[in-house]
Amino acid sequence: MNRFFGLLPKPSPLRPKSRVYDLKERLDWGEPALTIIDVRDRADFNHSHITGAISIPADSLMATAPQCFEVTRDLYVYSNTDDEAAAVAEQLRAAGFSRVAIVRGGVAAWKAAGFPIEVIRTVA
């Protein structure tokens, strides 16, 4: 047995209400077993979103999620407000997803912390 096992730092576990720092720590740690879902409309997503997030607007998420994600996958959800994200998270939990967190403050908190965002430029 490796005598150093247990001495290595581990990222913060998934919490129902996660800070942007918790999510960034997991991303920096290199944990691929999570998905970041932006449930805002596509225009807001294109304007700016957390790097690596996928866009699934709230009105289509419940039809899409069962085909895209295992119910045990760590899902981080954000929207324009924490209340909107919490409502979506509750819908996911009610549908059987057991590991759902909201990213408190969403993309605004992510930007304020100085973390990378992506922008999708559309041709007019």
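For the structure itself, look to the data block above.
Keep in mind that what you see is a predicted model, and the values were worked out from it rather than measured.

Trainee: Just to check I follow, could you spell out the packing of aromatic side chains for this structure?
Mentor: The geometry of two aromatic rings is summed up by the distance between their centres and the angle between their planes. The full count for this structure, using the stated rule, is two aromatic pairs. Ring plane angle 80 degrees and centroid distance 5.7 Å describe the contact between Y21 and F115, whose orientation is recorded as edge-to-face. Placement of the pair is Y21 in helix α1 (residues 20-29) and F115 in the loop between α5 (106-112) and β7 (117-118), with a sequence separation of 94 residues. Judged by its relative accessible area of 47%, Y21 is partly exposed. When its relative accessible area of 17% is taken as the criterion, F115 is described as buried. Taking 4.9 Å as the distance between ring centres and 65 degrees as the angle between the ring planes, the aromatic pair formed by W110 and F115 counts as edge-to-face.

Trainee: It is not clear to me how helix α4 (residues 82-94) should be interpreted in this structure. Could you clarify?
Mentor: Since the α-helix packs 3.6 residues into each turn, any two residues three or four apart lie on the same face. Under the 1.5 Å per step criterion, the end-to-end length of α4 is 18 Å for 13 residues, consistent within 8% with the ideal 18 Å. For α4, the complete set of buried residues consists of A85, V88, A89 and L92. Taken end-on, α4 shows its buried residues confined to a sector of 105 degrees, consistent with a single buried face. Counted as exposed and oriented over 90 degrees from the buried face of α4: D83 and A94. Buried positions along α4 lie against α3 (58-68), β5 (74-78) and β6 (100-103). Following α4 by one or two positions, G96 adopts a phi angle in the positive range, close to 105 degrees.

Conventions we followed
Residues numbered from 1 in each chain as written. Predicted model: local features only at pLDDT ≥ 70, side-chain atom pairs only at ≥ 80, totals over all residues. Heavy atoms only, no water. Phe/Tyr/Trp six-rings, centres within 6.5 Å; stacked < 30°, edge-to-face > 60°. Helix = DSSP H or I, 4+ residues; strand = E, 2+ residues; numbered from the N terminus. Buried < 20%, exposed > 50% of the residue type's maximum accessible area, 1.4 Å probe, protein only. Expected span 1.5 Å × (residues − 1). Arc of directions from axis to C-beta. Contact = heavy atoms within 4.5 Å.

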